[in-house]
Protein chains: 2
Amino acid sequence: MAEQITKRSTSYSDWYVDIVLRAQLADYSPVKGSMVIRPRGYALWERMQQALDRMFKETGHSNAYFPLLIPESFLKKEAEHVEGFAPELAVVTHGGGQELEEPLVIRPTSETIIWSMYKKWIQSYRDLPLLINQWANVVRWEKRTRLFLRSTEFLWQEGHTAHETEQEARDETLQMLDVYKRFAEEYMAMPVRTGVKTESEKFAGAVDTYAIEALMQDRRALQAGTSHFLGQNFAKAFDVQYQTREGSLEYVWATSWGVSTRLIGALIMAHSDDSGLVIPPRLAPTEVVLIPIFRNKTKEAVLEAARTLARELRQEFRLELDTDENSSPGWKFAEWEMRGVPIRVELGPRDLENNQVTLVRRDTGEKESVSITAVAGRIRSLLEEIQKNLFDRALAFREENTHRPETWEDMKALFNGTGSDDQAAPGGFALVPWDGDPATEALVKEETKATIRVLPFGNEEEARGKTCVISGKPARHMAVFAKSY
Amino acid sequence: MAEQITKRSTSYSDWYVDIVLRAQLADYSPVKGSMVIRPRGYALWERMQQALDRMFKETGHSNAYFPLLIPESFLKKEAEHVEGFAPELAVVTHGGGQELEEPLVIRPTSETIIWSMYKKWIQSYRDLPLLINQWANVVRWEKRTRLFLRSTEFLWQEGHTAHETEQEARDETLQMLDVYKRFAEEYMAMPVRTGVKTESEKFAGAVDTYAIEALMQDRRALQAGTSHFLGQNFAKAFDVQYQTREGSLEYVWATSWGVSTRLIGALIMAHSDDSGLVIPPRLAPTEVVLIPIFRNKTKEAVLEAARTLARELRQEFRLELDTDENSSPGWKFAEWEMRGVPIRVELGPRDLENNQVTLVRRDTGEKESVSITAVAGRIRSLLEEIQKNLFDRALAFREENTHRPETWEDMKALFNGTGSDDQAAPGGFALVPWDGDPATEALVKEETKATIRVLPFGNEEEARGKTCVISGKPARHMAVFAKSY
Ligand SMILES: [Zn+2]
Ligand SMILES: [Zn+2]
């Protein structure tokens, strides 16, 4: 662990993999495309789950669990859905030693199996809204995989709701987008752009897909969560009608929304540095590490003081006390920096004499001496400062890297310049007027590899009277273009 | 929901299914053998998970996540393991539109994939012990399935630990058995017998399998959790050696242990009655339901008092306030009894006048009036009384149904008499001296369908000098026989 990791300026992608492996967040598995989430990575996921699960329950949702295996025929009931997912399916053909009559697919997402159950559970408006979330694993066969960012199997949550009216379903879609935005910004300290996806980028089976999009330090965008307004597509595919308050029969309106362990990849890439992981305090499994520093003579006194302090601080903070005598303080400092613990507390003989400790911030490296009696209060305020600083820093970075190129040549230069990673420059976000034509969108992708990440809220009004920066035709939308993960 | 459910005395198995379906704990799915866990069932599982997860962490374990799909060849590395699981495997043969070079099986349990990773992670005694748990879904193809008790896919946790010495691994195996016993008794209010399994009943690949076994109300045993000492079997199969403190190379010692959503089935069958579910307070998603009772004249005053009381009680208890005006109080009482909520609080106009409420216990049906100022304190003590009463009642039932038949004829009569369910009498537990011969064990199974659930701790000493009740030969073990789920 004391070995150096690749610098971001040398290779951003090697730096990313080094952090994941050396901080022991995840590992490659012998199963091609599948990863192992190691205890330190899983502890991060647990903290994300706790925060999200609380937010889902506060907005009225309950958890449930639906089968992993779905009859192949179910996926075919929604035409766009099967077209989108067919190339990514894992198929079970044998069970219990026998060939199955109908192959089963491992869920790539659960709309079809869930709506086959909603058909049983929904008869009347009294059964609505139905607000269910599932924490589960899903499998999507991938050719090129990257730890956390893209793997054949991943963990996620998927919300699936059913409503009486279009308006109510649309409100739910936007409410959950807002939950994701608040989670990303308040917990992950990661500012996100929100808006609606274009036809070419939306979920297979959705009427409208909304997303939160974050900017990574290499100036690529990362889609961190999606919320879909499904209209009546799945209700029609599975014939889910309900008796309205007026006594007529109507198809139910639907949403679905999800985030996955991909968020861990986003968290790493948003904040970490050349010394390793940087974790925002609210998601840190360990908030504080206490490292006693001593020689033989001072050992007993320092260790006793450290244990007393640890006992006290543990009542309020998630703290680890590192008393390992086989490694040097310097080695430990590097190790705990690699792991991303927000605050390091050093307690040495000199500190003990002066009745103080030294605090070191992971985000800035700043040190300060604090009297022992004031240390809990200072840690409390420092954790908030670090949380805020990480967000502010990421926001400033995003604003610096949000451009409004005024010509197609400028836009191409933005995405096609030469970057530090010896790849074409990722370029950040380009916010430009767009004519709304899929052909124009396709041209940008072909010439720059950038895609439309979202059409921000209010984009149509803002585009009025403007000219599409690519085609020169009248603009219909403001669009956020970026290269992405 | 107001419909009656089948009485236990009419058909115990119909009663069980009625409760699962009518209390909306689970539902059949269109995928043969797989079930859907509905929100009320999943909320029970969440409370079980929280308690168990805390106990696992208190004993030093961390959570992680390993791949769902395992190369078929991995299972074959441990001979007994593959023999045990081969008939139950679901096999993925196609992925991403192509036939796979090597088929992948969906994990029936994760020893093999986990030990293939431990091979990478364990080099030295410094890497030990390795104490990992996983919350996951597994698939075991089953011909005959029953909601919660036996299904093709189920949710569980599986602990997998690696140790320097045999003694340490054996201690871990027994520690986790004790965690399961404490969880069953302190949270589920379900007394369990513990001990070791015989050769014929142990886990495929284990040296020794320990289990907790509970008695259901129909006098059948249910295996509620297992803890396995795996010796060096998986370390040898995956060549996991470590450098000892003395510098030599040795194979690692292993354990694994698990409980599953089957516990929900056990919980239902241990305590519920002909009015529906009975849930021990510590696991109840809702501890208290408050039902205001009013007519038009009294509506406003009663509702306001109920809302005030609900607000206050929610600070301490998981409470639901049922203000639905479309159903009668009597219908609501039956409904909340069906759902198993431990305490019902009734607040009517007369109660309001007297500044009191009526409390009704789910376990005994007893009613009492309590002054509004004393209600929180009384609920607090009543929840503890109910938790204790459920355990005491289940323990008394088990003791009444634990027999020590002195002849093989008596033992056959115990298991082969005619029971209330028009099946052969389940008979309860028979604790008898056994000669230790698998042929004797097989004879009992053939003639009575009873199997050895466990050999209790200290069984060899207790058997000394006794005669096997089946064969008349000298006894080597005391054995607990029972018919089981
Ligand atoms: Zn438009
Ligand atoms: Zn023996």
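Residues numbered from 1 in each chain as written. Chains lettered and ligands numbered in written order. Predicted model: local features only at pLDDT ≥ 70, side-chain atom pairs only at ≥ 80, totals over all residues. Heavy atoms only, no water.

Draft legend 1. Highlighting the overall build of chain A. Helix and strand content of chain A: 15 helices and 23 strands. Whereas a compact globule of 485 residues would reach a radius of gyration of roughly 23 Å, chain A reaches 25 Å, a difference of no more than 12%. By residue count, 59% of the 485 residues in chain A fall in the buried class. Of the contacts made within chain A by residues no fewer than 6 positions apart, 70% connect residues no fewer than 24 positions apart. Per element, the accessible surface of chain A, about 19,900 Å² overall, is 46% carbon and sulfur. Each charge class in chain A can be summarised by its mean position, and for the 61 positive and 73 negative side chains these summaries are 3 Å apart. (Helix = DSSP H or I, 4+ residues; strand = E, 2+ residues; numbered from the N terminus. Rg over C-alpha atoms; globule rule 2.2 N^0.38 Å. Buried < 20%, exposed > 50% of the residue type's maximum accessible area, 1.4 Å probe, protein only. Contact = heavy atoms within 4.5 Å. Areas by Shrake-Rupley, 256 points an atom, 1.4 Å probe, with all protein chains shown as cover. Lys, Arg positive; Asp, Glu negative; His and termini not counted. Charge placed at Lys NZ, Arg CZ, Asp CG, Glu CD.)

Draft legend 2. Structural context of the side chain of B:Gln134. Residue and element names in this part refer to chain B. Note on placement: glutamine 134 falls in strand 7 (residues 130-139). Judged by its relative accessible area of 0%, glutamine 134 is buried. Side chain to side chain, glutamine 134 and serine 110 meet in a polar contact 3.4 Å long. If we skip the residues at most four places from it in the chain, glutamine 134 touches Ala64, Tyr65, Phe66, Arg107, Ser110, Trp156, Gln157 and Glu158. (Polar contact = N/O pair within 3.5 Å; in protein donor to acceptor, adjacent residues only side chain to side chain.)

Draft legend 3. Spatial organisation of the domain arrangement of chain A. Residue and element names in this part refer to chain A. Once the domains are mapped, chain A shows domain 1 (2-271), domain 2 (286-389) and domain 3 (403-482). Placing a centre on the C-alpha atoms of domain 1 and another on those of domain 3 gives a separation of 27 Å. With 25 residues of domain 1 at the interface, the matching set in domain 3 holds 18 residues. Buried surface at the junction of domain 1 and domain 3, summed over both partners, amounts to about 1,700 Å²; 57% is from carbon and sulfur atoms. It is Arg193, Thr198 and Glu201 that lose the most area in domain 1 upon contact with domain 3, and together they represent 27% of the buried surface on that side. Applying the counting rule to domain 1 against domain 3 returns one salt bridge. One salt bridge connects glutamate 213 with arginine 453, and the closest N-O pair in it is separated by 3.0 Å. At the junction of domain 1 and domain 3, the tally comes to six residue pairs in polar contact (both at pLDDT 80 or more). Looking at the side of domain 1 that touches domain 3, the elements that each hand over two or more residues are helix 1 (12-22), helix 6 (166-187), strand 9 (193-196), strand 10 (208-215) and strand 11 (221-231). Top contributing element to the side of domain 1 that touches domain 3 by residue count: strand 10, with five residues. Across the side of domain 1 that touches domain 3, the residue classes break down as nine nonpolar, nine polar and seven charged. (Domains from an automatic or database assignment. Buried area = accessible area lost by both parts, 1.4 Å probe. Salt bridge = Lys/Arg side-chain N within 4 Å of Asp/Glu carboxyl O. Nonpolar A, V, L, I, M, F, W, Y, C, P; charged D, E, K, R; others polar.)

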